[in-house]
Amino acid sequence: MPGLTDWLKERFPSDVLETHAAHGDETAVVTRASLPVIAAHVKQDPAFDMNVLVDITAVDGLTMKWNPRFEAVYHFLSTAQLHRLRLKVRVEEKDAVMPTLTGLWPIANWFEREVWDMFGIRFEGHPDLRRILMYEEFQGHPLRKDYPYNKRQPLIGPRN
Amino acid sequence: MEMKTDSSQASQGGYLTSRLDEMIGWARKYSIFQYPFVTACCGMEYMSTACSHYDVDRFGAGLPRFSPRQSDVLFVVGTISHKMAPVLKMIYDQMADPKWVVAFGVCTCTGGFYDNYATVQGIDTLIPVDVYIPGCPPRPENVLDGLIKLQEKIQRQKQEV
Ligand code: SF4
């Protein structure tokens, strides 16, 4: 039986760069420009029917010498079909911008703010891209591998 | 506290002698109104200490107040993030004297294993702490031990009135 990523490859042959599957969960690496279209497709096409956007996160490949440095990761779930799909997009450090998915899944609003806060990847078209976990005074993005793990920026109290 | 009673007089109405300091200390240590500043997992252990199995009411600390103005002891229970730190300081400042602070769990004592960008490395960097209760989370017996140590401290100190 063809998997979800095979269908994706069939429909978007030039946009799906790579696919793999592990433990029954499938992953497709897609181009940045195609993400809004593919995301809309997996939401609306009854074969995919991804009604839940479970999470958006990112990976910083600095220590693994990735090029491009970042990967934005999207997890989808279909509660009717009971299947999951993961989409990944490679993001350059110099051009760390992603298209927003807030128009498709409202929850993307908070997830994208979190990825912005932690990794410093901006989301174009986001209605309110502010930090969500850290405070506005915070400098930098703590989950980037070049953020020193013991660097603290307290609002009050001693600084290091 | 040393209570002296004269048996012949006591039978006629009763009196006891004590130093005022000791008397006030005795009253204060058995009428602790706590403010539970609960932010994380230690809260579960705080609840089990407070409820009937371990029953802090036996030590006169059974009534948590949710207004800092009405409380004597600030129980800081759980991880304090840098984002939360100004709130903790404000709550402490709003409490009326005399007041005491208990650091409940390793997170409040030292930051625990959260040696990272987000966590305050011990609340004593922000406010003075009277008793540290280690453990992740501390067992209720340990909490009661800390409470008794606080009571001893309250009893011993000079009582400001
Ligand atoms: S000391 Fe342990 S149980 Fe308590 S708040 Fe910290 S991590 Fe949670």
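Model, not experiment: these values are computed from the prediction.

## Comments concerning the pairing of strand β2 (residues 73–77) of chain B
All names here are of chain B.
Right, so step 1: Here β2 lies mainly inside the structure; five of its five residues are buried.
Right, so step 2: Alternating residues of β2 divide into Val73, Phe75 and Val77 and Leu74 and Val76, and every residue in both groups is buried.
Right, so step 3: Both strand β1 (residues 34–38) and β2 contribute to a ladder of five bridges, which runs parallel. Of the residues in β2, the one forming a bridge with phenylalanine 37 is valine 76.
Right, so step 4: Regarding topology, helix α3 (residues 42–50) serves as the crossover connection from β1 to the parallel β2, and that connection is left-handed.
Right, so step 5: As paired strands, β2 and strand β3 (residues 100–104) are joined by five bridges and run parallel to one another. Residue pairing across strands places valine 76 opposite alanine 103, the latter belonging to β3.
Right, so step 6: You can see the chain leave β2, run along helix α4 (residues 85–94) and come back into β3, and the turn it takes is right-handed.

## Concerning the interface of chain B and chain A
Frequently, the measure chosen for interface size is the accessible area removed from exposure when the parts meet.
Right, so step 1: Taken together, the twelve residues of chain B in the interface contact 17 residues of chain A.
Right, so step 2: Summing both partners gives a buried area of about 1,200 Å² for chain B against chain A, and 65% of it is carried by carbon and sulfur.
Right, so step 3: Broken down residue by residue, the surface that chain B buries against chain A is led by His82, Lys83 and Tyr117 of chain B, which jointly contribute 57%.
Right, so step 4: Connecting chain B to chain A are one salt bridge.
Right, so step 5: Notably, a salt bridge pairs aspartate 115 of chain B with arginine 152 of chain A, separated by 2.5 Å at the nearest N-O pair.
Right, so step 6: Our enumeration of links across chain B and chain A arrives at four residue pairs in polar contact (both at pLDDT 80 or more).
Right, so step 7: Within the side of chain B that touches chain A, the residues separate by chemical class into four nonpolar, five polar and three charged.

The rules behind the values
Residues numbered from 1 in each chain as written. Chains lettered and ligands numbered in written order. Predicted model: local features only at pLDDT ≥ 70, side-chain atom pairs only at ≥ 80, totals over all residues. Heavy atoms only, no water. Buried < 20%, exposed > 50% of the residue type's maximum accessible area, 1.4 Å probe, protein only. Helix = DSSP H or I, 4+ residues; strand = E, 2+ residues; numbered from the N terminus. Pairing = 2+ DSSP bridges. Right-handed = clockwise from strand over helix to strand, strands pointing away. Contact = heavy atoms within 4.5 Å. Buried area = accessible area lost by both parts, 1.4 Å probe. Salt bridge = Lys/Arg side-chain N within 4 Å of Asp/Glu carboxyl O. Polar contact = N/O pair within 3.5 Å; in protein donor to acceptor, adjacent residues only side chain to side chain. Nonpolar A, V, L, I, M, F, W, Y, C, P; charged D, E, K, R; others polar.

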